[in-house]
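# Tertiary structure, described
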Amino acid sequence: MAQAAKLAAYSPLPRVFYDRDVVVVARELLDQSLVRVAAEGLVAGRIVEVEAYLAQNDPANHAHRGQTQRNASMFGPPGHAYVYAIHSRWCLNAVTEPAGVPSAVLIRAVEPLAGLELMQQRRSARTERRENAVGGSVRDLARGPARLCEAFAIDRSLDGWDLTRGEQLWIAAADTGIDAAEIEVSKRVGVTSACDKLLRFFVAGSVFVSRPGRR
DNA sequence: CTACCGATTGACT
DNA sequence: GTCAATCGGTAGA
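In every chain, residue numbers begin from 1 and rise along the written sequence. Labels are handed out in written order, letters beginning with A for the chains and numbers beginning with 1 for the ligands. Two thresholds apply to this predicted model, a pLDDT of at least 70 for residue-level local features and 80 or more for giving and counting side-chain atom pairs, whereas whole-chain, interface and lining totals are computed over all residues. Side-chain descriptors were evaluated using all non-hydrogen atoms of the structure, hydrogens and water having been removed beforehand.

### Concerning the overall build of chain A
So the rule is basically this: The numbering of helices and of strands both runs from the N terminus, where a helix is a DSSP run of H or I of at least 4 residues and a strand a run of E of at least 2. The size measure is the radius of gyration over C-alpha atoms, and the globule rule it meets is 2.2 Å times the number of residues to the 0.38 power. Only protein chains enter the calculation, and the probe is 1.4 Å; a residue is then buried if its accessible area is under 20% of its type maximum, exposed if over 50%, and partly exposed in between.
The number of helices and strands found in chain A is five helices and eight strands. Put simply, chain A runs from its N terminus to its C terminus through helices and strands in the order α-α-α-β-β-β-β-β-α-α-β-β-β. Radius of gyration (C-alpha) of chain A: 16 Å, near the 17 Å computed for a compact globule of 215 residues. Its C-alpha atoms give chain A principal-axis dimensions of roughly 45 × 40 × 40 Å. The burial tally for chain A puts 47% of its 215 residues in the buried class.

Here's what the structure looks like:
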């Protein structure tokens, strides 16, 4: 597929998509395409796993104790990226709901669709010192929020980036809407507060999901 | 300035 | 299943 045709097929979701309840946006982000264009080329993947972080009554949300330099993007308008660091790795969120309402959707895993070689290169860069590195299976290229950011070359320089521009980093409308029956719900992964909330959504049966659901 | 913590991952039992 | 590496963000002295 020619590059121009490829890009035309990746038209960005509009701001109104993000300007809704964070749980609604989270569920509807499943099956859409995450697209990244950098100097080295284009990579894209189908979103198969997300988590919602609520503006109200959610201690697991980084914005729970108010605005700081780190989480400022969450307080901005919807449709922008919130990129944060954890354990020396990056994670990508899409900011939702009106400006001033700090909610976001964490993109936890994608199924690689395009630019697999480039993803492989970026992912192996971290582990290239290991002689017997497995090289990484396609399944593991973007299975997990920090792996995904590595494969997509996403770091703090993209914090606050406008995902509706259709440049560098965006989410493209790709689906005809997946059946609610195909969406599985579970507790969020790794959170140590508000662990009981069922705010993780993933495509049932996908091998590209980071781990099975637990209630 | 120091001290603590974690929306993770990869290695290991 | 368990465990520790590792470092930016945050709070507090």
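### Description of the pairing of strand E5 (residues 103–114)
Threshold: Pairing between two strands requires that DSSP report at least two bridges joining them.
Counting buried residues in E5 gives eleven out of twelve residues, a clear majority hidden from the surface. Pairing of strand E2 (residues 41–53) with E5, which is carried by nine bridges, proceeds in the antiparallel orientation. Across the sheet, Tyr53 pairs through a bridge with Ala104, a residue of E5. Bridge count for strand E4 (residues 89–96) against E5 is four bridges, and the pairing is antiparallel. Its bridge partner lying in E5, Thr96 is registered against Ser103. Here E4 folds back onto E5, and the loop between the two strands holds six residues, one of which, Glu97, carries a positive phi near 60 degrees.

### Comments concerning the pairing of E2
Taking burial as the measure, the 13 residues of E2 include eleven buried ones, the bulk of the element. Bridge count for strand E1 (residues 33–38) against E2 is six bridges, and the pairing is antiparallel. Bridge pairing in E2 places Arg36 opposite Val43. Adjacent in sequence and paired antiparallel, E1 and E2 are bridged by two residues.

### What about the environment of Ala125?
Here Ala125 shows up in helix H4 (residues 116–127). Overall, the relative accessible area of 42% leaves Ala125 in the partly exposed class. Separated by 44 residues in the primary sequence, Ala125 and Ala81 place their C-alpha atoms 24 Å from one another.

### Quick notes on the pattern of salt bridges
Formally: What counts as a salt bridge is simple: a side-chain nitrogen of Lys or Arg found within 4 Å of a carboxyl oxygen of Asp or Glu.
Within this structure, the stated rule accounts for 13 salt bridges. Salt bridges here are not isolated pairs; linked through shared partners, they connect Glu49, Glu51, Arg108 and Arg200.

### Some remarks on the protein's contact with DNA strand C
The condition that has to hold: One heavy atom within 4 Å of a molecule or strand makes the whole residue count as near it. The definition of a polar contact used here is a pair of N or O atoms within 3.5 Å, where within protein one atom must be able to donate a hydrogen and the other to accept one, and adjacent residues in sequence count solely through side-chain atom pairs.
Near DNA strand C you find Thr68, Arg70, His87, Ser88 and Arg156, and these make up its full shell. Close to the protein, within 4 Å, the atoms of DNA strand C are drawn from sugar and phosphate at a rate of 75%. Taking Arg70, its main chain carries an N or O atom lying 3.4 Å from a phosphate oxygen of DNA strand C. In the model, a sugar or linking oxygen of DNA strand C is placed 3.0 Å from a nitrogen or oxygen of the Ser88 side chain.

### Re the packing of aromatic side chains
Two aromatic rings are characterised by how far apart their centres lie and by the angle between their planes. Under the convention used in this document: A pair of aromatic rings is counted whenever rings of Phe, Tyr or Trp (Trp by its six-membered ring) have centres within 6.5 Å, and the orientation is called stacked for planes under 30 degrees apart, edge-to-face for over 60 and tilted otherwise. A ring is scored as having a charge over it whenever the NZ atom of a lysine or the CZ atom of an arginine sits within 6 Å of its centre and within 35 degrees of its normal.
Counted according to the given criterion, the structure contains two aromatic pairs. For the pair Phe17 and Tyr18, a centre-to-centre distance of 5.3 Å together with 80 degrees between the ring planes defines the contact as edge-to-face. Residue classification places Phe17 among the buried residues on the basis of a relative accessible area of 8%. A cation over a ring is seen here: Arg20 above Phe17, with NZ or CZ 4.7 Å from the ring centre.

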